[in-house]
10 protein chains.
Amino acid sequence: MITAIVLVKTSVDRIPEIAEQIAALESVTEVYSVTGGWDLIAIVRVRAHEELADVIPGQVNKVPGVEHTETHVAFRTYSTHDLDAAFAIGLDD
Amino acid sequence: MITAIVLVKTSVDRIPEIAEQIAALESVTEVYSVTGGWDLIAIVRVRAHEELADVIPGQVNKVPGVEHTETHVAFRTYSTHDLDAAFAIGLDD
Amino acid sequence: MITAIVLVKTSVDRIPEIAEQIAALESVTEVYSVTGGWDLIAIVRVRAHEELADVIPGQVNKVPGVEHTETHVAFRTYSTHDLDAAFAIGLDD
Amino acid sequence: MITAIVLVKTSVDRIPEIAEQIAALESVTEVYSVTGGWDLIAIVRVRAHEELADVIPGQVNKVPGVEHTETHVAFRTYSTHDLDAAFAIGLDD
Amino acid sequence: MITAIVLVKTSVDRIPEIAEQIAALESVTEVYSVTGGWDLIAIVRVRAHEELADVIPGQVNKVPGVEHTETHVAFRTYSTHDLDAAFAIGLDD
Amino acid sequence: MITAIVLVKTSVDRIPEIAEQIAALESVTEVYSVTGGWDLIAIVRVRAHEELADVIPGQVNKVPGVEHTETHVAFRTYSTHDLDAAFAIGLDD
Amino acid sequence: MITAIVLVKTSVDRIPEIAEQIAALESVTEVYSVTGGWDLIAIVRVRAHEELADVIPGQVNKVPGVEHTETHVAFRTYSTHDLDAAFAIGLDD
Amino acid sequence: MITAIVLVKTSVDRIPEIAEQIAALESVTEVYSVTGGWDLIAIVRVRAHEELADVIPGQVNKVPGVEHTETHVAFRTYSTHDLDAAFAIGLDD
Amino acid sequence: MITAIVLVKTSVDRIPEIAEQIAALESVTEVYSVTGGWDLIAIVRVRAHEELADVIPGQVNKVPGVEHTETHVAFRTYSTHDLDAAFAIGLDD
Amino acid sequence: MITAIVLVKTSVDRIPEIAEQIAALESVTEVYSVTGGWDLIAIVRVRAHEELADVIPGQVNKVPGVEHTETHVAFRTYSTHDLDAAFAIGLDD
């Protein structure tokens, strides 16, 4: 599983609506509306590196009201939780 | 459950070691070593707002080699996954 | 009581008017028009973390003329004053 | 009453200790340890503009571990609360 | 006398015209068109802190063509010149 | 008369002492300790462009505790005050 | 062979289309859509310094949807691969 | 001779045209279209400080397509070349 | 093949030496010493996402004299050249 | 002739000395100590692109007291002066 953390700036007055649209995208497991200089932080989890292009420049960036995104791809994940199971990625779907 | 996303800058040459130390902290569910201008992104999940102070300025910031952190607390979470169950927070422990 | 400090940039020529509108919002205890790179600093005080989403992305950001906000949520408050009493939060209303 | 909001960067591993020292200074009514790019936000309330120099460059900046401060002085305060009474400033002391 | 230094960005092609308008405002003693990342630097000198709000957000920011201002209020003035006399502030007018 | 506005960052804990040293330099007419991202703002007034090099890189920058300076030279001055007389520059000395 | 790395910001919602247009330009050997604060990174390889002006301000910057570019020209190339052969530059065309 | 180096941002797609217009201005001895975060760097050489205001805010900034300029005035010139002769400034015209 | 572009800041006086060390690392196909705000740009090409962690935080960041790196991973590559063949990646080794 | 403009930050208290050392380097035709956020601006003029690596990372960056440099290479020069003659480059030496 490859994880990308996407920091998102949106139209200042439509944050909740845009959050819902991004959260509805396949491969987006969580969207947080957050304090600080960014409006939203989306977590994208895919099985193969090649899928990132479809999800982030292909879909997240095209949601109306998204003004700027900055993606940080995980080199490696350190966790005591079973994230693959939690997000049902890599399973038989 | 309250979620905080903590962006972390570390000593440039000790990223993997520091990631492991942060991931071992209670309430830190995931740490990602990432591409881009930050070195690590840690996800902190607690039951009450008051616990954030213990975890982030109290513990994450005190890990040796951590040089700067910037925390974004989630106002709200948008997800189609059951994150409470996934991270066993708010359950009977 | 959870406190959030919201730094606000507004239309350069309508600062006093916007300050009044934000100050009239429930849970906003003070708004300061300030020197420096920000135009306004608003203090939001709520009883539960969940209310922050309603107040800040839900209301402050939607005031016309607000161009950008950056919220800093307090981990902890250090004060020799009784802020709960001062702002009548957590009382029987 | 003149209010100044002081954003503070501190040594990353001594935030709680420094917060307590600043909160103990006269004229500092509140110190918040906060999420985001700053470590602390202190609220300074004085009766006369001249006192700001004594409190901020004179005292806050000299607390050991304070690395950088950025002060925003309020032009004007918009509030439905009686801040003068709350902070007992301008009264008979 | 309270002094504020106001850094101003303006429409790139109307700097001299805007400088003249700001210099004509009462309490603005000098305006400099300057090299570097700012277009103008205005010096505001008032007798009482309360007047700053009228002059800066109230008047300077409302001059057409002003795009952004950043005000630095003086904590204290160090000078071997008699600035009060020079700018006739605090005298019997 | 040529005017330069020098923004100065200093050691955080020695601002008043450094301000006094800069104010004592010839050609420095005023030094302000200020709110915001800079610590001091010095005003330098000389008769000829050539003198700026002696005063700013030659003297201000060499005051111990000065960490960074950013100079903005005035292209032109807009003022209803007689600044030459106020600062006795260009007179018979 | 002279190499220039061109960092590109584009309209947020048209990254794939713009990447294809830039990649079709002569002297552009590769375009990468990338994570992080930039949208595209283009590699330009020419035989003579003079050609850079034709390719970058002359062509890349004029592709519709390109909003900002920042070019880094290589002083020197360190590689264990035969880049001249790989990109057929300096050969008999 | 007083030298000013003017860093210029322009409309991304009209750099060569704007460069020619600026280079045609009197007192502008050279304009370079450049790599990096700026589009053009213009060198202005005048005999008296007072002329800078006419050339830079007065003319360079008013060339259509110029979006932002940042001027660095030379305190002093260090050179083994005879720049006065090279640029025929201060001679008998 | 997955490509990562690594922007590198180094000790200002040892750029050529550090470039050679990074270029000697396996999976680093090219290193460019460059103009602009970065010192080096390294191109890393690996077969699997998992290898990026070994190469970049694992090796590039640990080269002595490397002070900061910012990695941009390619979502997708647009090229009219056969980069797999050029860099012999994915072939029979 | 290829021209590079090198922006230089130096030790704050040794600007004049460092300027002289850089100006003495072959291929450096002028060094200006300047107002604004940079300390020095050096102009490097060489006959071939390959020489830039020897001069800038090879020599300018190694002058003691140079802390950071940012080089902008000219794509093209727009001038009504004969710069080749002025700087005797490309002539019979």
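Under an unreviewed UniProt entry, chain A has the name Lrp/AsnC family transcriptional regulator and belongs to Streptacidiphilus pinicola.

Remarks on the pairing of strand 2 (residues 28–34) of chain J
Most of strand 2 of chain J sits out of view: seven of its seven residues are buried. The pairing of strand 4 (residues 66–78) of chain H with strand 2 of chain J spans four bridges and is antiparallel. Along strand 2 of chain J, the bridge assignment pairs H:Ala74 with J:Val34. Bridge count for strand 2 of chain J against strand 3 (residues 40–46) of chain J is five bridges, and the pairing is antiparallel. Within strand 3 of chain J, the residue paired with J:Glu30 across the bridge is J:Ile43. Hairpin geometry of strand 2 of chain J and strand 3 of chain J is characterised by an intervening segment of five residues between the two adjacent antiparallel strands and by a positive phi of about 100 degrees at J:Gly36.

Considering the interface of chain C and chain D
Taken together, the contacts link 33 residues of chain C with 33 residues of chain D. Counting every contact that joins chain C to chain D gives two salt bridges. Across the contact surface, chain C and chain D share 16 residue pairs in polar contact (both at pLDDT 80 or more). The set of elements that each furnish at least two residues to the side of chain C that touches chain D consists of strand 1 (2–10), helix 1 (15–23), strand 2 (28–34), strand 3 (40–46), strand 4 (66–78) and helix 3 (83–86) of chain C. The element best represented in the side of chain C that touches chain D is strand 4 of chain C, accounting for eight residues.

Re the UniProt feature "domain: Transcription regulator AsnC/Lrp ligand binding" (unreviewed entry) in chain A
In the numbering adopted here, UniProt assigns the feature "domain: Transcription regulator AsnC/Lrp ligand binding" (unreviewed entry) to residues 6–77 of chain A. End C-alpha to end C-alpha, residues 6–77 of chain A measures 16 Å, and it is 22% helix and 43% strand.

Structural notes on helix 1 (residues 15–23) of chain B
All of the buried residues in helix 1 of chain B are B:Ile15, B:Ile18, B:Ala19, B:Ile22 and B:Ala23. Along the long axis of helix 1 of chain B, the arc covered by the buried residues comes to 135 degrees, so they all point the same way. Contact partners of the buried residues in helix 1 of chain B: strand 4 (66–78) of chain A together with strand 1 (2–10), strand 2 (28–34), strand 3 (40–46) and strand 4 (66–78) of chain B.

Parameters at a glance
Residues numbered from 1 in each chain as written. Chains lettered and ligands numbered in written order. Predicted model: local features only at pLDDT ≥ 70, side-chain atom pairs only at ≥ 80, totals over all residues. Heavy atoms only, no water. Buried < 20%, exposed > 50% of the residue type's maximum accessible area, 1.4 Å probe, protein only. Helix = DSSP H or I, 4+ residues; strand = E, 2+ residues; numbered from the N terminus. Pairing = 2+ DSSP bridges. Contact = heavy atoms within 4.5 Å. Salt bridge = Lys/Arg side-chain N within 4 Å of Asp/Glu carboxyl O. Polar contact = N/O pair within 3.5 Å; in protein donor to acceptor, adjacent residues only side chain to side chain. UniProt positions renumbered as here; feature names shortened; annotations may be inferred. Arc of directions from axis to C-beta.

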